[in-house]
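# Architecture and fold: a report
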Amino acid sequence: MVSRPRVGPLLRSIPIPVALITMIGLAGAVLGRVYAGPLLTQLILGAAVGSVGVSVAARRLPSWLVAPLSVLALAGYAAFALRLAAQRADLPGGLADLVAEAGRNGIPRLLTAMIPVEAVPDTVIVPLVAAWLAGLAGAEVAVRADRVLLGYLPPALLYAGALYVVGPNAEPAIWWTVAFVAAAAIGLAVPAATSVSTPAETAPTLPPAVRAAIRVRVLAGTAAGLVVVVALAALLAPLVAGQVGNAPVDPRRYVQPPQVDALDENPLIRISGWALNPDQKLLDLHTTGTAASPGDIPPPAGDGDNPPDDAEPEAGDRVGDSPTEQTPRSARTQIRLAVLNDYDGVTWRVGATYRNAGRILPTVEPPDGVTVDRVRQEITIGELAGRLLPAVPTPREVTGARVAYDPGSGTLIRPEGLTEGLRYTVTSAREHPDPNLLTAADVPSGDTVARVLRVADGVPDPLRRLADQLATDNGAPYARAVAIEEFLAEHYRLVADAPSGHAYPNLNFFLFGPRNGGGQRGTSEQFAATFAVLGRLMGLPTRVVVGFQSATGEGPVRGGDAYAWPEVLFNGLGWVSFDPLPRPETEPRPVEEDFTPKPQDPPPVQDEPTPEPSAPPTVAAVPGTGPASGSGSPVSVLAGAGSGGLLLVLTGFVVAVLTMRRGLRRRRLGEGAPAQRIAGAWREVTDALRLAGHPVGSHLDASEVAAYAAQAAGAVPAAPVAVPPIDELATLVNVATFAPGTASDEQARRAGTLAVAYATALRAVRPWWRRALWSVHPGPLRWRR
């Protein structure tokens, strides 16, 4: 009998490795659908060829030697792949740093990266190692152990893992799955069709009883397998069919993306600090791309919250000039740091979800009514702290730094935090809304913009009535926005030393507080926050943006260049910036000319003016004392009369001052609303310091005055009486100033007690001549408040 050529081993050594490589490559192609570019798919295919090839080449070696050889090959290939990915992404750093960083952060960054994921070392290392191990295990089981079906398990698990990682972020992989099954079937079919011997060839050599037993076992096995397959199909088919129309689970929801701390969650509170340090160098700019176009929306003239003293009058940063502002505007570059969408009546917050991003950021098509120019800037970080990364809106490409990106706000962070000297390059698509479309533009509504329309509970009544008044006279959305912009710009003063705060009480005091008490003045923090709240009360979707401005796009950006501005969302135009800051060198009009809020507390009692001393009384001539009387000396008579009259005048003056000083204290501490009485107690303290020879500077806030008062009391050596501190009184003053209407009668009484105790103790440690003049000094009656 002539035997057939034994071609089975040769054919088996080719189709099965090819099937394994194909299946692993298909898993890489499925995963590559959420990556930017084909690099990941190419690297996975290379890992499949390398791992399977090493196993096939070493099939004649002992099995215990194959794994170490394959691991060495994996190390070399991984180093090559990571270096290639870093070069493609233009990432700095040596190979050791890249490998260490990828090993530490591979899994979390793969699941927190923004889609499309850029193939960088962090996002490549895990799929590459998984593909290599799948190829090694599959080849060893399928080729060496000749267990083909079991050898397909590692590639099948890899493919399932790829589908899970992709989740709902790509179209269903139907045809990829069909190709995967086809590759597996070919690998199974070819060896079976060319096996060494068949049952037909071996059957004639077996005894009849054995042949019958084999047939029974084959039929029984086939029947059992068929039953199992049918049962599994019956059980699993409804479950699988029920999941066909459902969206896959996104594993990214189980992994926390990069977070920002409290400093970056509300950067609006940093405005006042930067305004008080206008020379602090925060970053350096170098523009290497397109310069600002004439249609750009410039920030307000001046350096942030420090308007220039010698600036020419010009229109503010308004999208469309009002009729009263037609003068030319200077073009300035806005650099966005953070976008604040959420407001709870106390704090504006970022509320963004940042995802690790590669060099190329997702692109969103601009609205129809917007033109775009590209700006490329090289930014070097100075003393700017936190994680938020400044960039011209909206960034499209970042090189030189690992970033995370929030597509909803278009802002960036560096998860590791900013460090001085960090240099990166940003290419941005700067949008310019068509001003001709604004007047007729509408604003969106509904659930999609509910976040930027939400008004928290507790809106002060004057604030709501001001919004109603501005909305009544302006029907169109853009007209309402301009009305808010002009009202704030015309009635309030921009200063650098206003305290931080944008809660409802702070905004209410900013709008309606007395000018001589610190009201109606603020930094851009109060202007932007007030605009956004008034806009939401009028049905406008608004948000607050914190950033910087640069006149030329070149050179240092300092603390004085930081400011906040509001934005309004319009249909077909996107987010449009507005500028509620006052124009330079303009005097704000009293807000009472256009809006008078209902007084919530009785009006303050005005201090009585200092009375002028009355003229000395005329001394009538005493009979018998004149020259005609012929007795006594006229000079002595006149001297006695003058001395007596002067004594009467001085006595009357002292009594009048004592009476008026006591009345002033009584009115300050006992009359009016609690907040007014607390303010009166504070004036008692400042008057006492001035009487003691330590006048208080007008630039100091309450806490600084309390510290200054303690120093003034401690300046007296061996004082017989301990002067109590006034820190508690300073706290009460802050409550009364920045939370109007919240002070109680008990707090007012406590403030009066503290003020009297401090003034009394401070008087007791003065020299005797100051104590003698303390109560009769008319200064407190005439000093300006």
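### A word on the overall build of the chain
A count of helices and strands for the chain gives 24 helices and 19 strands. Evaluated residue by residue, the chain yields a buried proportion of 46% over its 785 residues. Within the chain, contacts between residues at least 6 apart in sequence are counted, and of these 79% link residues at least 24 apart.

### Observations regarding the environment of Asp373
Along the chain, Asp373 turns up in strand E8 (residues 370-381). Separated by 57 residues in the primary sequence, Asp373 and Arg430 have C-alpha atoms spaced 5.4 Å apart. A polar contact of 3.2 Å, which involves the side chain of Asp373, links it to the side chain of His432.

### Topic: the nonpolar core
Within the largest apolar cluster, 87 residues are counted, with the highest numbers of intra-cluster contacts made by Phe548 and Phe570. Looking at which element gives the most residues to this core, the answer is helix H17 (residues 524-537), with eight residues. Here Phe570 is in contact with Leu438, Ala441, Asp442, Val443, Pro444, Pro477, Tyr478, Val576 and Phe578, once residues within four sequence places are set aside. The next biggest cluster of nonpolar side chains, apart from the first, holds 49 residues, and it includes Val56, Val117, Ala119 and Ala162.

### Comments concerning the layout of surface pockets
Here the second largest pocket is characterised by a volume of approximately 740 Å³. The wall of the second largest pocket is formed by 33 residues, among which Thr394, Glu431, Arg543, Gly574 and Trp575 lie closest to the centre. Broken down by secondary-structure element, the contributors of at least two residues to the lining of the second largest pocket are strand E4 (333-340), strand E13 (423-433), strand E18 (562-570) and strand E19 (574-577). For the lining of the second largest pocket, the class distribution of residues is 15 nonpolar, ten polar and eight charged.

### Details of the environment of Gly369
Inspection of the secondary structure assignment puts Gly369 in the loop between strand E7 (355-357) and E8. For Gly369, a relative accessible area of 11% gives the class buried. On a C-alpha basis, the gap between Gly369 and Gly572 in space is 5.7 Å, while along the polypeptide they are 203 residues apart. Once you skip the residues sitting within four places of it in the chain, Gly369 turns out to touch His432, Pro433, Asp434, Leu437, Gly572 and Leu573.

### Description of the packing of helix H15 (residues 477-491) against H17
For the pair H15 and H17, interaxial distance at closest approach is 10 Å and the crossing angle is 145 degrees. The crossing of H15 and H17 is right-handed. Contacts from Ala481, Ile484, Glu485 and Leu488 in H15 reach Phe527, Thr530, Phe531, Leu534 and Gly535 in H17. A breakdown of the residues in the contact of H15 with H17 according to their chemical character gives six nonpolar, two polar and one charged.

### Considering the pairing of E8
Taken together, the five bridges between strand E3 (residues 281-287) and E8 define a ladder with antiparallel strand orientation. Each bridged residue has a counterpart across the sheet, and for Leu285 the counterpart in E8 is Ile379. Judged from the eleven bridges that link them, E8 and E13 form a sheet pairing that is antiparallel. Following the sheet pairing, Val372 is matched in E13 by Glu431.

### Brief notes about helix H21 (residues 727-738)
The end-to-end C-alpha distance of H21 is 17 Å, a good match for the 16 Å that twelve residues give at a rise of 1.5 Å each. Buried residues of H21: Leu729, Ala730, Leu732, Val733 and Ala736, and no others. For H21, the angular spread of the buried residues around the axis is 160 degrees, confining them to a single face.

### Regarding the confidence of the model for the chain
Mean pLDDT for the chain: 79, with 81% of residues reaching 70 or above. Confidence, expressed as mean pLDDT per element, reaches its minimum in the chain at helix H10 (residues 199-202) with 50 and its maximum at H17 with 96. Overall, residues 1-7 carries pLDDT values under 50, and its contacts beyond four positions in sequence, including any with other chains, amount to two contacts.

### Topic: a nonpolar patch on the surface
A cluster of nonpolar side chains, contributed by Leu61, Leu69 and Leu72, occupies part of the molecular surface with about 270 Å² of accessible area. The exposure class of Leu61 is partly exposed, given its relative accessible area of 35%.

### Re the packing of aromatic side chains
Pairs of aromatic rings are described using the distance from one ring centre to the other and the angle between the two planes. For the coordinates displayed, the defined rule picks out 14 aromatic pairs. For the pair Tyr478 and Phe578, a centre-to-centre distance of 6.0 Å together with 45 degrees between the ring planes defines the contact as tilted. With a gap of 100 residues between them, Tyr478 in helix H15 and Phe578 in the loop between E19 and helix H18 (634-670) connect regions that are remote in the sequence. Taken together, Tyr478, Phe531, Phe570 and Phe578 form an aromatic cluster joined through their ring pairs. Across the ring face of Trp575, the terminal group of Arg543 is positioned such that the distance to the ring centre comes to 4.1 Å.

Cut-offs applied
Residues numbered from 1 in each chain as written. Predicted model: local features only at pLDDT ≥ 70, side-chain atom pairs only at ≥ 80, totals over all residues. Heavy atoms only, no water. Helix = DSSP H or I, 4+ residues; strand = E, 2+ residues; numbered from the N terminus. Buried < 20%, exposed > 50% of the residue type's maximum accessible area, 1.4 Å probe, protein only. Contact = heavy atoms within 4.5 Å. Polar contact = N/O pair within 3.5 Å; in protein donor to acceptor, adjacent residues only side chain to side chain. Core = buried A, V, L, I, M, F, W, Y, C linked by side-chain atoms within 4.5 Å. 1 Å grid on protein atoms, 1.4 Å probe; cavity = no way out; pocket = protein on both sides within 12 Å on 5 of 7 lines; lining within 4 Å. Points joined across faces, edges and corners; volume = space filled by probe spheres on them. Nonpolar A, V, L, I, M, F, W, Y, C, P; charged D, E, K, R; others polar. Axes fitted to C-alpha atoms, helices over the stretch in contact; angles between N-to-C directions. Left-handed = near helix turned anticlockwise from the far one by under 90°. Pairing = 2+ DSSP bridges. Expected span 1.5 Å × (residues − 1). Arc of directions from axis to C-beta. pLDDT = per-residue confidence, 0-100. Patch = residues over 30% accessible without salt bridge, like charges linked within 9 Å, V, L, I, M, F, W, Y side chains within 5 Å. Areas by Shrake-Rupley, 256 points an atom, 1.4 Å probe, with all protein chains shown as cover. Salt bridge = Lys/Arg side-chain N within 4 Å of Asp/Glu carboxyl O. Phe/Tyr/Trp six-rings, centres within 6.5 Å; stacked < 30°, edge-to-face > 60°. Lys NZ or Arg CZ within 6 Å of the ring centre and 35° of its normal.

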